[in-house]
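For reference, the chains in residue letters:
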Amino acid sequence: MASPPPTVSSSATATDLVIDISDLSTRFGDHVVHRNINLQVRRAEVFAIIGGSGSGKSTLLREMILLQQPSSGHIKVLGVDLKGLSREAALGLRLRWGVMFQHGGLFGSLTVLENIGLPLREHTKLSDAEIDVIAAAKLALTGLKPEVGAQYPAQLSGGMMKRASLARALALDPELLFLDEPTAGLDPQSAGGADELVLRLRDQGGLTIVMISHDLDLLWQVTDRVAVLGDGTLQAVGAMAELSQMDNPLIRPFFEGARGRAAQTAAQHPVQPKESSSKPK
Ligand code: ADP
Ligand code: MG
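These notes cover the structure that comes with them.

Calculation notes
Residues numbered from 1 in each chain as written. Chains lettered and ligands numbered in written order. Predicted model: local features only at pLDDT ≥ 70, side-chain atom pairs only at ≥ 80, totals over all residues. Heavy atoms only, no water. Helix = DSSP H or I, 4+ residues; strand = E, 2+ residues; numbered from the N terminus. Expected span 1.5 Å × (residues − 1). Buried < 20%, exposed > 50% of the residue type's maximum accessible area, 1.4 Å probe, protein only. Polar contact = N/O pair within 3.5 Å; in protein donor to acceptor, adjacent residues only side chain to side chain. Salt bridge = Lys/Arg side-chain N within 4 Å of Asp/Glu carboxyl O.

1. Structural notes on helix 5 (residues 158-169)
- Between its terminal C-alpha atoms helix 5 stretches 17 Å, which fits the 16 Å expected from 12 residues at 1.5 Å a residue.
- Counting buried residues in helix 5 gives nine out of 12 residues, a clear majority hidden from the surface.
- Along helix 5, the residues classified as buried are G159, K162, R163, A164, S165, L166, A167, R168 and A169.

Shown next, in the form of structure tokens:
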């Protein structure tokens, strides 16, 4: 499909919308999880979805990546309506996004390098040698040392596992990257490195990132806009600074308490992508 060259126009046009959700509702039996959600993600944004436990974040993500169907409404991803896609069209779309699942999803019987190369082996005609070169580059991009490529997933720490999973999600050079809880379960030091990693990916240009996260530091440091789910509906969409000013009882709790304030203070000293992997503290 021929698409027009990118323009420098700053107004959001249809082609700038990487995700366009309209009137989406999701029910499980008579349990309504989403009621009339309308949501747009623009090209090159770092966008997060937050909300209390059970507010429907994972379900919405699963609907965006063709793992589940909403009860009604439409989702367009990269300009394609997800409803009634042929198998070929669905595969074509899946090749254009990468997903880092919460628990990694790496194959235990394959080395890290083989795991990262797997999408290339399945979907391209590249030689094994070429695949290894690309897989090694993705490994390096996520900050893992070359020798980690020869290890098996069981030998990795939680933080390394997430990075390896991210490297695999990047194997096919996606336009769109979905991250489900990229820092959940990590010690603060590994989680801190995720800020720099997301910023580095974004700054490489063009990549749109959609994530689910509870990590206030990450949210303050890297997101352009954040959508808050609560009570079955979209409570608000905005930059963290905007959300932090809102007087909504379903939003306020995110910004209250010592952790909320600490993250906000830290955000006044934003991290920069940098060469050195060591971070103070
Ligand atoms: P979150 O990720 O925000 O914690 P989920 O999207 O996982 O929330 O779940 C939202 C609600 O939908 C929860 O009440 C959950 O129990 C329910 N739910 C999710 N998936 C299913 C399913 N396949 N069948 C029935 N209920 C489900
Ligand atoms: Mg969830």
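2. Details of the side chain of N248
- Take N248: it is sitting in the loop between helix 8 (240-243) and helix 9 (252-255).
- A polar contact of 2.9 Å, which involves the side chain of N248, links it to the side chain of Q235.

3. Some words on the environment of H103
- Considering the arrangement of structural elements, one finds H103 in the loop between strand 6 (97-100) and helix 3 (112-123).
- Judged by its relative accessible area of 71%, H103 is exposed.
- Between the C-alpha atom of H103 and that of M161, which follows or precedes it by 58 residues, the distance is 8.5 Å.

4. Looking at the pattern of salt bridges
- For the coordinates displayed, the defined rule picks out seven salt bridges.
- The partner of E45 in a salt bridge is R42, with the nearest N and O atoms 3.9 Å apart.
- Take R42: its relative accessible area is 37%, and that puts it in the partly exposed class.
- One salt-bridge network, held together by shared partners, links R42, E45 and R225.

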